[in-house]
Amino acid sequence: MAYTPIQVAPGIFSDDAPATTAGRYVASDMVRFHRGQPQIIGGYQLATGTAATGTVRKLLQWSALDGTELVALASEKRLMILEGGIVTDITPAASAGTLLSNPFAMTSGSATVTVTHATHNAVVGQEVDFTSATATAGISADALNLTHPIVSVPDANSYTITVSSNASSSASGGGTPGYTVLLAPGFAVSTNGFGFGAGAYGVSTWDTVRAAAAVTFSMRLWSLALWGEDLLAVADDVGTVVRYDTSARGRATTVSGPPACEQIAVLADSRQLVCFSCAGDKMRVDFSDKGDLSDFTASATDSAGSLNIAGGSEIIAVAPVSGRAVAIVTDEAFHEMSFIGGDLVMRVRRVGNTPAPLGANAIIESDGQLLYAVDGGVMQFAGGRLQQLPCPIAKSVFDDMDLTNRRAVQAGRNAEFNEWTFSYPTTDAAGANDKCLVWHASEAPAGMVWSTNTLALSGWTDRTVGSNPLSVHPTTGAIYEHETGTSAAGQPIVASLTTGDTALPDGSIYTLSRVLPDFVIAGSDSLSLTLRTRIAPLGAVTTSGPHTIASGTTVVNTRATGRFIAYTLSSNSSNLFWRGGTQAVEIEASGAQR
């Protein structure tokens, strides 16, 4: 008998035909490739007991001048700050003031409160915050002085809210409360418009139902940037740039000066705010004077100005690539805009043609290279060169992706392992990101080592000096800290890894009697090994296992016959770390002729 090692290259190769997957992995979940071998991903725990509101699709982490760690979280409903484990609502106000005397009308036995508010301009789902209201009809002041979602809008001068207890009598009251009506919510996911009136004015025939989707209602995406220690933000469906003053705290407030736009970036070296898709022009870029957020008017004495990008019909994604330059990706071309000063102020260089990015958040820059997801793959800009990375699982990933909600794709990086991640929604996930495509950039062969996992995350930010990477769950709003422990927030991590069929020596039929497992295992639990053998590449499968492998396991006895061997590793534990090596099998020629 002889021991034969089963050599398997790192990375998943799910798009290949079965006969070409010898020596390769064909499927995985919750596994990463690091230093040439597979291992289970790091655990994650709740970073705070307070959940974010809405579907968070953008995170930005930074440190204030006093060293305080801050994280901005942006959803279709709110703009929020995580500080010291507490999530604070900093959503900008749509309007604020004081209501007339006794604006709350209560009905005995009901928790519904009708609010009289002249010309409120509010919609269902918009939130309103009350202060200084007094108790009325058995409903306490504390129950009124909260942020409430608007439940219904009977008319232009009133709306209803729901409080936490029923009124003890029918009455009006509340004193003269202050109010802040927050920015109206956007769409959490992108949906197609059908039926009567769908689409732009004048499209098709009046009073007819559209037979197909006439318009896509796009999910709200925020663009975030730092101005010193302060946060700048703009929601693409609103267009108003707001600023969160880190020193003053409070709500974000409107910045006077920037044009209506969809995305923003800051050139750190020249300290200029750059606005994209300005004033309704999808290809227009406006930039401020140096160090002045309020000045966007070009003159002979400043560095403000405006220009239009050539090549395409809309700017889709932007990302700073240095302190002096920003990448601008349209639906047709990749450009690099840089500050040069003088009369021209900015120079735009067209790098090359490109497929359209999937969305504004599908792009990320780190350590001198930039990646963005497109339909069917991932583009890379590094060293002045633009190319599409080879991805041997692209077809299986993009065939499974919900492209109606392509704007949900979120790019992120885990610098500790040099992993570049694109979380995305699958076709049956209702727009919620439920899978990740991961490029393991440090692994060889270069550009070819990829995997997928079922981490559900809609926002991501890499680790900083004071924190591990953070993510937000797309449906619960739970905020997680990653690369800590061995559990999924106290629950088991369910991991698996499957190889393709590998031919045994000389293509002969062998009997397999033992396996010599090669693993690093830590923790109290074990993993399972299941062997599969075949006589022919597409022939019937004989299964052996699952066999238990613990930290002290040196030999696994088995009995199987075949020309080809494959195996699956799996674990379901909250107290287990494992890392694979080179497995070996003891084989003996069976003498069978088939």
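Check the entry above for the structure.
Residues numbered from 1 in each chain as written. Predicted model: local features only at pLDDT ≥ 70, side-chain atom pairs only at ≥ 80, totals over all residues. Heavy atoms only, no water.

S.K.: Whenever I open this one, the pairing of strand S41 (residues 450-453) confuses me. Can you help?
M.R.: For a regular strand, side-chain orientation follows a simple rule: the groups alternate between the two sheet faces. Of the two faces of S41, both are covered, the one formed by Trp450 and Thr452 as well as the one formed by Ser451 and Asn453. Bridge count for strand S40 (residues 435-440) against S41 is 4 bridges, and the pairing is antiparallel. Paired with Leu437 across the strands is Thr452, a residue of S41. (Buried < 20%, exposed > 50% of the residue type's maximum accessible area, 1.4 Å probe, protein only. Helix = DSSP H or I, 4+ residues; strand = E, 2+ residues; numbered from the N terminus. Pairing = 2+ DSSP bridges.)

S.K.: How do you make sense of the nonpolar core when you look at a structure like this?
M.R.: As a rule of thumb, soluble globular proteins bury nonpolar side chains together. Judged by nonpolar contacts, the single largest core of 63 residues is most densely connected at Leu437 and Trp578. The leading source of residues in this core is S40, at 4 residues. Sequence-distant contacts of Leu437, defined by excluding residues within four places in its chain, comprise Val378, Cys391, Ile393, Val397, Trp420, Thr421, Phe422, Tyr424, Trp450, Ser451 and Thr452. Ranked by size, the runner-up nonpolar core spans 21 residues in total, among them Val113, Val128, Ala133 and Val181. (Core = buried A, V, L, I, M, F, W, Y, C linked by side-chain atoms within 4.5 Å. Contact = heavy atoms within 4.5 Å.)

S.K.: Would you mind going over the sheet that holds strand S22 (residues 222-227) with me for this structure?
M.R.: Strand pairs in the sheet, formed through backbone hydrogen bonds, run parallel or antiparallel to each other. Sheet architecture is open: 4 strands sit in the order S22-S23-S24-S25, paired in antiparallel fashion. The outermost strands of the open sheet, each flanked by one partner alone, are S22 and strand S25 (253-254).

S.K.: What is the right way to look at the packing of aromatic side chains in this model?
M.R.: Think of a pair of aromatic rings as described by two things: how far the centres are apart, and how the planes are tilted against each other in angle. Within this structure, the stated rule accounts for 9 aromatic pairs. When the ring of Phe187 is compared with that of Phe217, the centres are 5.5 Å apart and the planes differ by 35°; the resulting orientation is tilted. Here Phe187, found in the loop between strand S19 (178-182) and strand S20 (191-196), pairs with Phe217, found in strand S21 (residues 209-217); they are 30 residues apart in sequence, far enough to count as distant. Measuring from centroid to centroid gives 6.5 Å for Phe519 and Trp578, while their planes differ by 85°, and the two rings are edge-to-face. Of the two residues, Phe519 is situated in strand S48 (residues 519-523) and Trp578 in strand S53 (residues 576-580); the sequence distance between them amounts to 59 residues. Residue Phe519 is classed as buried on the basis of its relative accessible area, which comes to 17%. Three or more aromatic residues joined by ring pairs make a cluster, and in this case those are Phe334, Tyr372 and Phe381. Taking NZ or CZ as reference, Arg24 lies 4.1 Å from the ring centre of Phe13, over its face. The residue whose ring lies beneath Arg32 is Phe417, and the NZ or CZ to ring-centre distance is 3.7 Å. (Phe/Tyr/Trp six-rings, centres within 6.5 Å; stacked < 30°, edge-to-face > 60°. Lys NZ or Arg CZ within 6 Å of the ring centre and 35° of its normal.)

S.K.: So what exactly am I meant to see when it comes to the environment of Gly42 here?
M.R.: By the secondary structure assignment, Gly42 is in the loop between strand S5 (37-40) and strand S6 (44-46). C-alpha of Gly42 to C-alpha of Met30: the two residues are 12 residues apart in sequence and 8.8 Å apart in space. Once residues lying within four places of it in the same chain are set aside, the contact partners of Gly42 are Arg32, Glu483, Gly485 and Ile493.

S.K.: Help me understand the side chain of Thr160, please; the structure alone is not making it clear to me.
M.R.: Structurally, Thr160 is set in strand S17 (residues 158-162). Note on Thr160: relative accessible area 8%, which makes it buried. Looking at Thr160, its side chain comes within polar contact range of the side chain of Ser152, at 2.6 Å. The residues touching Thr160, leaving out its near neighbours within four places in the chain, are Thr112, Val113, Thr114, Pro149, Ile150, Val151, Ser152 and Pro154. (Polar contact = N/O pair within 3.5 Å; in protein donor to acceptor, adjacent residues only side chain to side chain.)

S.K.: Hey, could you run me through the sheet that holds strand S51 (residues 556-562) in this one?
M.R.: Read across the open sheet, the 4 strands follow the order S1-S54-S47-S51; overall the sheet is antiparallel. The open sheet has two edge strands with one neighbour each: strand S1 (2-6) and S51. Going from strand to strand, the sheet's axes swing by 35° on average, the running direction of each strand aside. (Axes fitted to C-alpha atoms, helices over the stretch in contact; angles between N-to-C directions.)

S.K.: Would you take a moment to explain the pattern of salt bridges for this structure?
M.R.: Close approach of charged atoms lets side chains of opposite charge pair. Inspection of the entire model under this criterion finds 19 salt bridges. One salt bridge in this structure joins Asp89 and Arg251, with 3.4 Å as the shortest N-O distance. Separated by 162 residues along the polypeptide, Asp89 in strand S10 (residues 86-89) and Arg251 in the loop between strand S24 (242-244) and S25 bring together distant segments of the chain. Assessed through its relative accessible area of 16%, Asp89 is described here as buried. Between Asp230 and Arg243 there is a salt bridge, with the nearest N and O atoms lying 2.9 Å from each other. With Asp230 in strand S23 (residues 230-235) and Arg243 in strand S24, this residue pair connects regions lying 13 residues apart in the sequence. Taking the relative accessible area as the measure of exposure, Asp230 reaches 7% and is therefore buried. (Salt bridge = Lys/Arg side-chain N within 4 Å of Asp/Glu carboxyl O.)

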